[in-house]
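Read off the chains here:
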Amino acid sequence: MKKLFNSYDIEISDEQIIKFNDYYELLIKWNEKINLTTITDYADVIKKHFLDSVLLLKAFTKNLFDSKNIIDVGTGAGFPGVPLAIMLPNTHFTLIDSLNKRIEFLKEVLQILKIQNITLIHGRAEELGSNPEYREKYDICVSRAVAVLPLLLEYCSPFIKKEGILYLYKSVKVAEEIDCAKNALSILNCSIYNNILLANENDYQRYILEIRKDDCTPDKYPRKPGKAKKKPL
């Protein structure tokens, strides 16, 4: 694992490797009860879930994230939030997911791995993003494998403060998604600053979209659950 991470210019300690291995064991155990991942081979999970989640650190220094509040929208089995929290112990993460079974899995992960810089919340992004307790409270939002860009912007941008940043994980269709998201970007007061290619192999490509929130989210967004999917901006 260390050699793989280092090959992408990401340093990892022996203690962090132990945490990732424990995370893998829990993921496979729970995957027999609930659908968490279709990728179960150890090497594939390490590369396509764990490394993939922390590739953000290849493009941006760890110091950029120190003392920040980061929200992971639609975290699923904890990606990218848990791997990032392992790598960034001085940063606080809030992980939200609409399925409580996944939150229960993550509670055990945090307990076994002794991770203290994560808060878990069960709920839909559309509802939580309208809640004053969470709306425009975060410096950064991350999200991976959740939705196409126009939907993702409506789900994610309400959580971050004005001038906050979204780091959205995308694959080969990123250019097509950007083209389809022009209207959503305008309506939600967001601008794309960077589209960074972080991995480019035959079976594995990863881009990070860096999106800045230029102004507050209009009050009518996010719309009620289901509306964005039925009629994307």
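Preceding this section is the structure that the text describes.
Presented here is a report on the structure given in the accompanying data block.

The rules behind these values
- Residues numbered from 1 in each chain as written.
- Predicted model: local features only at pLDDT ≥ 70, side-chain atom pairs only at ≥ 80, totals over all residues.
- Heavy atoms only, no water.
- Pairing = 2+ DSSP bridges.
- Helix = DSSP H or I, 4+ residues; strand = E, 2+ residues; numbered from the N terminus.
- Axes fitted to C-alpha atoms, helices over the stretch in contact; angles between N-to-C directions.
- Salt bridge = Lys/Arg side-chain N within 4 Å of Asp/Glu carboxyl O.
- Buried < 20%, exposed > 50% of the residue type's maximum accessible area, 1.4 Å probe, protein only.
- 1 Å grid on protein atoms, 1.4 Å probe; cavity = no way out; pocket = protein on both sides within 12 Å on 5 of 7 lines; lining within 4 Å.
- Points joined across faces, edges and corners; volume = space filled by probe spheres on them.
- Nonpolar A, V, L, I, M, F, W, Y, C, P; charged D, E, K, R; others polar.
- Parallel < 35°, antiparallel > 145°, perpendicular 65-115°, else oblique.
- Contact = heavy atoms within 4.5 Å.
- Polar contact = N/O pair within 3.5 Å; in protein donor to acceptor, adjacent residues only side chain to side chain.

Focus on the sheet that holds strand β6 (residues 190-201)
(1) Moving on: Strand order in this open sheet of 7 strands is β3-β2-β1-β4-β5-β7-β6, and the pairing throughout is mixed. A strand with exactly one partner marks an edge of an open sheet, and here the two such strands are β3 (118-122) and β6. Direction aside, neighbouring strands of the sheet carry axes that sit 20° apart on average.
(2) Moving on: Bridge count for β6 against strand β7 (residues 204-213) is 10 bridges, and the pairing is antiparallel.

Observations regarding the pattern of salt bridges
Once their charged atoms are close, side chains differing in charge can pair, the charge on each being opposite to the other.
(1) Moving on: This model, assessed by the stated rule, comprises 14 salt bridges.
(2) Moving on: One salt bridge in this structure joins D52 and R206, with 2.8 Å as the shortest N-O distance. Pair noted here: D52 is in helix α3 (residues 42-54) and R206 is in strand β7, with a separation of 154 residues, a long-range link. Of the two residues examined, D52 and R206, each falls in the buried class.
(3) Moving on: Connected through salt bridges with shared partners, the residues D52, R144 and R206 form a single ionic network.

Considerations on the layout of surface pockets
(1) Moving on: For the largest pocket, the calculated volume is near 510 Å³.
(2) Moving on: In terms of residue class, the lining of the largest pocket is made up of 9 nonpolar, 9 polar and 6 charged.
(3) Moving on: Reported here for the second largest pocket is a volume of approximately 310 Å³.
(4) Moving on: Elements that contribute at least two residues to the lining of the second largest pocket include exactly α3, β5 (160-170), α9 (174-180) and β7.

Side note on the packing of helix α2 (residues 14-31) against α3
(1) Moving on: Relative to each other, α2 and α3 sit at 110°, their axes nearing to 11 Å. Compared by their axis directions, α2 and α3 come out roughly perpendicular. Residues F20, N21, Y23, Y24 and L27 of α2 form the contact with α3, whose own contacting residues are Y42, V45 and F50.
(2) Moving on: Of the residues belonging to the contact of α2 with α3, the class tally is 7 nonpolar, 1 polar and no charged.

Brief notes about the environment of D214
(1) Moving on: Relative to the assigned elements, D214 resides in the loop between β7 and α11 (227-230).
(2) Moving on: Through-space distance from the C-alpha of D214 to that of E126 is 20 Å; in sequence the pair is 88 residues apart.
(3) Moving on: In contact with D214, not counting residues within four places along its chain, are K162, N189, C190, S191 and Y193.
(4) Moving on: Polar contacts involving the side chain of D214 include one to the side chain of S191, which spans 2.4 Å.

Remarks on the side chain of S143
(1) Moving on: If you trace the backbone, S143 turns up in strand β4 (residues 138-144).
(2) Moving on: There is a polar contact of 2.9 Å between the side chain of S143 and the backbone oxygen of V73.
(3) Moving on: Not counting residues within four places of it along the chain, the set of residues in contact with S143 comprises D72, V73, L152, C156, Y167, L168 and Y169.

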